[in-house]
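Each chain is listed here by its residues.
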Amino acid sequence: RAFFNAGRGYGGGCFPKDVSGLIASGLEYGVDLEIMQAAQAQNQQMPGYVVDKLQDALGQLDGKRVAVLGLSFKAGTSDVRKSPAIAIANMLKQTGAQVTTYDPQANEEAAPDLVNDIEQVDSIEAAIKDADATIIATEWTDILNHPADSFKKNMRGKVLVDAVNQYSPVEATSA
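Each residue is numbered by its place in its chain's sequence as written, counting from 1. pLDDT decides what is reported in this predicted model: residues at 70 or higher carry local features, side-chain atom pairs at 80 or more are listed and counted, and totals for whole chains, interfaces and linings draw on all residues regardless. As a rule here, side-chain values come from all non-hydrogen atoms in the structure, and water together with hydrogens is ignored.

1. Some words on the overall build of the protein
Looking only at helices and strands, one finds eight helices and five strands in the protein. Helical segments are the DSSP runs of H or I of at least four residues, strand segments are the runs of E of at least two, and each set is numbered from the N terminus. Sequence-ordered secondary structure for the protein, helices as α and strands as β, is α-α-β-α-β-α-β-α-β-α-α-β-α. A compact globule built from 175 residues would reach a C-alpha radius of gyration of about 16 Å, and the protein, at 17 Å, matches this within 12%. Overall, the C-alpha framework of the protein stretches about 55 × 35 × 30 Å when taken along its three principal axes. Exposure categories follow from relative accessible area, calculated using a 1.4 Å probe and restricted to protein chains: below 20% of the type maximum is buried, above 50% is exposed, and the middle band is partly exposed. Within the span of the protein, comprising 175 residues, buried residues form 45% of the whole. Of all intrachain contacts in the protein linking residues separated by at least 6 positions in sequence, the fraction that spans at least 24 positions is 69%. Entry remark: accessible area of the protein is about 9300 Å², with carbon and sulfur atoms responsible for 50%. Between the mean site of the 15 positive side-chain charges and the mean site of the 23 negative ones, the protein shows a separation of 5 Å. Each radius of gyration reported is based on C-alpha atoms, and the globular scaling rule is 2.2 Å times the count of residues to the power 0.38. We call two residues in contact when some of their heavy atoms are within 4.5 Å. Working definition of accessibility: Shrake-Rupley area with a 1.4 Å probe, residue cover restricted to the visible protein chains. For the charge count, each Lys or Arg is scored as positive and each Asp or Glu as negative, with His and the chain ends excluded. One atom stands in for each charge, and that atom is NZ of Lys, CZ of Arg, CG of Asp or CD of Glu.

So this is what it looks like as structure tokens:
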């Protein structure tokens, strides 16, 4: 079930490889696994979808400060292989946004995969300070339990994108 929660897409070292392997095996045996191919294609588009949603909310992202919370492909690991969160951060940087990231375990592992000038910090507060928008990109407990009032107090803007669909919308809206 954990692989199928709606959100910014799946990543990791195993599941994407397994999906590709199933598709290749199907084609080898003359079976066109269209649903698997569609799932793979949609997954590859999800980081761009998140960035597009942010652009819908803020307009041009050039010069905007955006915090990305979570870099690992899932909570509980420092593994960043095929991480949608890193793809989101890199896409944001390509739009001209000033990107600051935080992950409780994966900062070191993520550093080689992040494009130049993406700032990594060691706390949620440092990441969201004066941000025009924040994206929750990995479902870490400390991020999901971070008080909405802190986002309101520390951010310049009021846009919070929950790309893992697990932050309390009631708490976020009330703040």
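2. Let's talk about the sheet that holds strand 4 (residues 133-136)
Two strands pair under a simple rule: DSSP has to find at least two bridges between them. Spatially, the five strands line up as an open sheet ordered 3-2-1-4-5, and their pairing is parallel. Only two strands of the sheet have a single partner each, and these edge strands are strand 3 (119-121) and strand 5 (159-162). In this sheet, adjacent strand axes meet at a mean angle of 20 degrees when their direction is disregarded. Direction of pairing for strand 1 (residues 65-69) relative to strand 4: parallel, over a ladder of four bridges. In this analysis, axes come from line fits to C-alpha atoms, helices being fitted only over the stretch in contact, and the angle between any two N-to-C directions falls in the range 0 to 180 degrees.

3. Considering helix 2 (residues 34-58)
Multiply 1.5 Å by the residue count of a helix minus one, and that product is the helix's expected span. Spanning 25 residues, helix 2 covers 35 Å between terminal C-alpha atoms, matching the ideal 36 Å at 1.5 Å per step. Within helix 2, the axis deviates most sharply at methionine 46, by approximately 40 degrees, and proline proline 47 lies no more than four positions further along. Of all the positions in helix 2, only Asn43, Met46, Pro47, Gly48, Val50, Val51 and Leu54 are classed as buried. The inward-facing, buried residues of helix 2 abut strand 1, helix 3 (84-94), strand 4 and strand 5. Phi for glycine 59, located one or two positions after helix 2, is positive at around 80 degrees. To get the bend at any residue, fit one axis to the seven residues that end at it and another to the seven that begin at it, then take the angle between the two axes.

4. Considerations on the nonpolar core
Generally speaking, soluble globular proteins have nonpolar side chains that are buried together. Joining through side-chain atoms within 4.5 Å is the link that ties buried Ala, Val, Leu, Ile, Met, Phe, Trp, Tyr and Cys residues into a set, and such a set is a nonpolar core. Of all hydrophobic cores here, the largest spans 25 residues; its most connected members are Leu54, Leu92, Val99, Leu114 and Ile135. Counting only elements with at least two residues in this core, the list comes to helix 2, strand 1, helix 3, strand 4 and strand 5. Among the elements that make up this core, the one with the highest residue count is helix 3 (five residues). When sequence neighbours within four positions are dropped, the list of residues in contact with leucine 54 reads Gly59, Leu61, Val66, Leu92, Ala133, Ile135, Val159 and Val161.

5. Notes on the pairing of strand 1
Within strand 1, five of the five residues are buried, which leaves the element mostly enclosed by the surrounding structure. Covered by surrounding structure in strand 1 are Arg65, Ala67 and Leu69 together with Val66 and Val68, the residues of both alternating faces.

Don't take any of this as a statement about function, it's just geometry.
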